[in-house]
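Commentary on secondary and tertiary structure
These are the residues of each chain, in order.
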Amino acid sequence: ENFVSIKGIAGKDLTNDVYARDPETDTFWFVGKVARVSDIPVEKCIARQWAMVVEHSARLRPTELYPKWGRLQLWAAPGDSELDVAYCKPEIQFIQMFCDVDGAGEVRNMEVGFQGELYENEEEGFRTIRTDDGKAVKQEIQSSPQQPTEAQLDEMMKVLNEVEANSGEQ
């Protein structure tokens, strides 16, 4: 509720994507997003919600993260940067967050929010491989500059509509 309200007013500039990591691996799991009002830095925002974010992370990834519950690391990335992370954009560097941040206890609940990632239909979950300083390990993936033509888009829509019509008949 707080997350949606804050993001609705402040936009993505005051949001961050949150990743959890078992410190013994180089895999960072996307676990959700945080939002904050303008005078709260991301470090205080995450520290204030630390217990909730870590618990959500452990329950979201029971095999990978739950066994490391007390030692999980949380990392912040720019808000809504999942696609850039997937493309290994070098300008996207994760920043490690910490549980104990001066002044975090003074942050009021209404000044921060968390929206946890949820999996649907047996999703595998989004993860990325990063260095110990939060940088992408792999080379940047270049997106194709070629866009589909109008005819190709029309054909795709035709196929999608046929699939939808056929699935409704079953």
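Refer to the structure printed above.
Anyway, here's the lowdown on the structure attached to this text. (Residues numbered from 1 in each chain as written. Predicted model: local features only at pLDDT ≥ 70, side-chain atom pairs only at ≥ 80, totals over all residues. Heavy atoms only, no water.)

**A look at the overall build of the protein**
Helix and strand counts for the protein come out as 5 helices and 6 strands. Ordered by position in the sequence, the α and β elements of the protein form the string α-β-β-α-α-β-α-β-β-β-α. Structurally, the protein occupies a C-alpha span of about 60 × 35 × 35 Å along its principal axes. Looking at the protein alone, contacts between residues at least 24 apart form 70% of all its contacts between residues at least 6 apart. Across the protein, the 18 positively charged side chains and the 32 negatively charged ones have centroids separated by 6 Å. (Helix = DSSP H or I, 4+ residues; strand = E, 2+ residues; numbered from the N terminus. Contact = heavy atoms within 4.5 Å. Lys, Arg positive; Asp, Glu negative; His and termini not counted. Charge placed at Lys NZ, Arg CZ, Asp CG, Glu CD.)

**Brief notes about the environment of Thr128**
Along the chain, Thr128 falls in strand S6 (residues 127–129). Along the primary structure Thr128 and Glu82 are separated by 46 residues, whereas in three dimensions their C-alpha atoms are 9.7 Å apart. What Thr128 contacts, discounting residues up to four positions off in sequence, is Tyr19, Asp26, Thr27, Phe28, Val85 and Phe94.

**Topic: unusual backbone geometry**
Apart from glycine, the bulk of residues carry a negative phi angle, and the bulk of peptide bonds sit in the trans form. With a phi close to 55 degrees, Cys88 is a non-glycine residue in the positive phi region. With respect to the helices and strands, Cys88 occurs in the loop between helix H4 (82–86) and strand S4 (95–97). The class for Cys88 is buried, based on a relative accessible area of 10%. Of note, the phi angle at Asn121 is positive, near 50 degrees, even though the residue is not glycine. Within the secondary structure, Asn121 is located in the loop between strand S5 (112–116) and S6. Asn121 gets classed as exposed once you look at its relative accessible area, which sits at 76%. (Buried < 20%, exposed > 50% of the residue type's maximum accessible area, 1.4 Å probe, protein only.)

**Digging into the pairing of strand S3 (residues 73–78)**
Taken across its 6 residues, S3 has 5 buried, putting it largely inside the fold. Two strands pair when backbone bridges link them, and strand S1 (residues 15–21) and S3 are joined in this way by 6 bridges, in the antiparallel orientation. In the strand pairing of S3, Ala20 is matched with Leu74. The pairing of S3 with S4 spans 3 bridges and is classified as antiparallel. Of the residues in S4, the one forming a bridge with Trp75 is Gln96. (Pairing = 2+ DSSP bridges.)

**Quick word on a negative patch on the surface**
Where like charges cluster on the molecular surface, the negative patch consists of Glu150, Asp154, Glu155 and Glu162. Inspection of the secondary structure puts Glu150 in helix H5 (residues 150–169). A relative accessible area of 58% means that Glu150 is categorised as exposed. (Patch = residues over 30% accessible without salt bridge, like charges linked within 9 Å, V, L, I, M, F, W, Y side chains within 5 Å. Areas by Shrake-Rupley, 256 points an atom, 1.4 Å probe, with all protein chains shown as cover. Salt bridge = Lys/Arg side-chain N within 4 Å of Asp/Glu carboxyl O.)

**Describing the packing of aromatic side chains**
Summed over the entire model, instances satisfying the criterion amount to 6 aromatic pairs. Pairing Phe28 with Phe94 gives two aromatic rings, centres 5.6 Å apart and planes at 75 degrees, and the pair type is edge-to-face. With Phe28 in strand S2 (residues 27–36) and Phe94 in the loop between H4 and S4, the pair connects residues that are 66 residues apart, well separated along the chain. Since its relative accessible area comes to 0%, Phe28 is described here as buried. For Phe94, a relative accessible area of 1% puts it in the buried group. Lying across the ring of Phe94, Arg130 places its NZ or CZ 4.2 Å from the centre. (Phe/Tyr/Trp six-rings, centres within 6.5 Å; stacked < 30°, edge-to-face > 60°. Lys NZ or Arg CZ within 6 Å of the ring centre and 35° of its normal.)

The values are spatial; any link to function lies outside them.
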